[in-house]
Amino acid sequence: MIHSMTGYARKEFKGDWGNAVWEIRSVNQRYLETYLRLPEQLRGLEPILRERFRKQLERGKVECNLRFESQSANAQIHVNEALAEQLIDNALWVIDRAGQGQLNPLDVLRWPGVIAAQEQDMDELNTILLAGFDEVLALFIESRQSEGEKLATVIEQRLEAIQGESAKVRTLMPQILEWQRQKLIDRLAEAKLELDPARVEQEIILLAQRIDVAEELDRLGMHITETHKILKKGGACGRRLDFMMQEFNRESNTLGSKSINAETTQSAVELKVLIEQMREQIQNIE
C-alpha cells in the first residue's frame with residue numbers, strides 16, 4: 001500500500017478515571033519528526049509514544065496532542081476526623097489559656113493529614129491512555145493509507161498520459177524523418193548543387209541520427225514500467241519515486257531538445273507538465 005505523509009485522527013475516551021482526547025496530525029517532511037504535547041504528569045509516556053511512531057512510520061512531520069482531565073478532580077474528600085478533633089481541642093485550649101484569639105476552621109482543614117484525596121493509580125492510567133493511543137494511531141495510519149491510494153491513482157493516470165504522448169511521438173517519427181529528408185533534397189535542388197547521391201544519403205543519415213528519439217522513448221517506457229512496479233510494491237517508496245521523476249525529466253529534456261516540429265515540441269511540453277504534476281504528488285508520499 002502507498003501511504004501519504006498527510007493524515008489526521010482524533011478520538012475521545014471517557015471512564016471512571018477521567019476524560020482524554022488523543023489527536024494526531026502530520027504533513028510531509030524529508031525525515032520522521034515527532035512533536036508531542038502531553039500534560040506534565042504524563043511526560044513519562046513520551047519515550048513510549050516516540051518508539052511506537054518510529055515502528056509504524058518512516059517519514060513525515062507528526063504532531064501528537066493529549067488533552068487529559070482527571071476524575072480525581074471530582075473525587076470525594078476524606079477528612080481525618082480524629083486528627084481534626086485533636087487539633088480543635090488543642091487550639092481551644094491555647095485560646096482559653098491565652099485569653100484571646102479565635103478558631104478558624106479553614107486552618108484546621110489546611111493542617112497536613114486532615115484532608116486526603118484518593119490518588120490515581122498512574123500505572124493503570126498509563127495503560128488505559130496507551131491503549132487509547134494505539135486506537136488513534138491505527139485510525140491515523142488508515143487516513144494516511146486512504147490519502148496514499150488517492151495519490152497513487154493520480155500518478156497512474158499521469159503515467160498513462162505519458163505513455164500516450166510517447167506513443168504519439170513514436171508514430172510521428174517516420175513521417176518527420178521523411179519530411180526532413182525531402183526538405184534537405186529540396187534545399188540542395190534550390191541551390192542548384194550537384195552532390196554525390198551517396199554523400200546526400202550520408203547527410204540524411206546523420207540528420208536522422210541527430211533527431212531520432214527512439215532511445216529516449218524506450219527509456220521513458222522503461223521508467224513507466226518501473227514506476228508501476230514501485231507503486232504496486234508499496235511501502236515507504238517516496239524517495240525512490242522522487243528519483244524516478246529525475247529520470248523522467250532527463251528524457252523529456254532530451255526529447256525537447258531534439259524536437260523539430262510543432263507536434264513533437266507540444267508533446268515534449270506536455271510530458272514536462274505531466275512529470276511535474278506527478279512530482280508534486282510524490283512529495284506527499286511516505
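This report concerns the structure included in the present document. (Residues numbered from 1 in each chain as written. Predicted model: local features only at pLDDT ≥ 70, side-chain atom pairs only at ≥ 80, totals over all residues. Heavy atoms only, no water.)

**Concerning the packing of helix α6 (residues 214-233) against helix α7 (residues 238-258)**
- Across the interface, α6 lies against α7 with an axial gap of 10 Å and an inter-helix angle of 160 degrees. Considering their axes alone, α6 and α7 lie roughly antiparallel with respect to each other. For the pair α6 and α7, the sense of crossing is left-handed. Contacts between α6 and α7 involve Glu216, Leu217, Arg219, Leu220, His223, Ile224, Glu226, Thr227, Ile230 and Leu231 from the former and Arg240, Leu241, Met244, Glu247, Phe248, Glu251, Thr254, Leu255 and Lys258 from the latter.
- Here the contact of α6 with α7 is built from residues that sort into nine nonpolar, three polar and seven charged. (Axes fitted to C-alpha atoms, helices over the stretch in contact; angles between N-to-C directions. Helix = DSSP H or I, 4+ residues; strand = E, 2+ residues; numbered from the N terminus. Parallel < 35°, antiparallel > 145°, perpendicular 65-115°, else oblique. Left-handed = near helix turned anticlockwise from the far one by under 90°. Contact = heavy atoms within 4.5 Å. Nonpolar A, V, L, I, M, F, W, Y, C, P; charged D, E, K, R; others polar.)

**Things to note about the nonpolar core**
- Membership of the largest hydrophobic core comes to 26 residues, with the highest contact counts inside it found for Ile162, Phe248 and Ile285.
- At the level of elements, α4 (122-190), α6, α7 and α8 (262-282) are the ones that each hand at least two residues to this core.
- In terms of residue count, the dominant contributor to this core is α4 (seven residues).
- Setting aside residues up to four positions removed in sequence, Ile162 forms contacts with Ile224, Phe248, Leu271, Leu274, Ile275 and Met278.
- Counting 25 residues, the second largest nonpolar core, distinct from the first, contains Leu49, Leu57, Cys64 and Leu137. (Core = buried A, V, L, I, M, F, W, Y, C linked by side-chain atoms within 4.5 Å. Buried < 20%, exposed > 50% of the residue type's maximum accessible area, 1.4 Å probe, protein only.)

That's the geometry; what it means functionally is another story.
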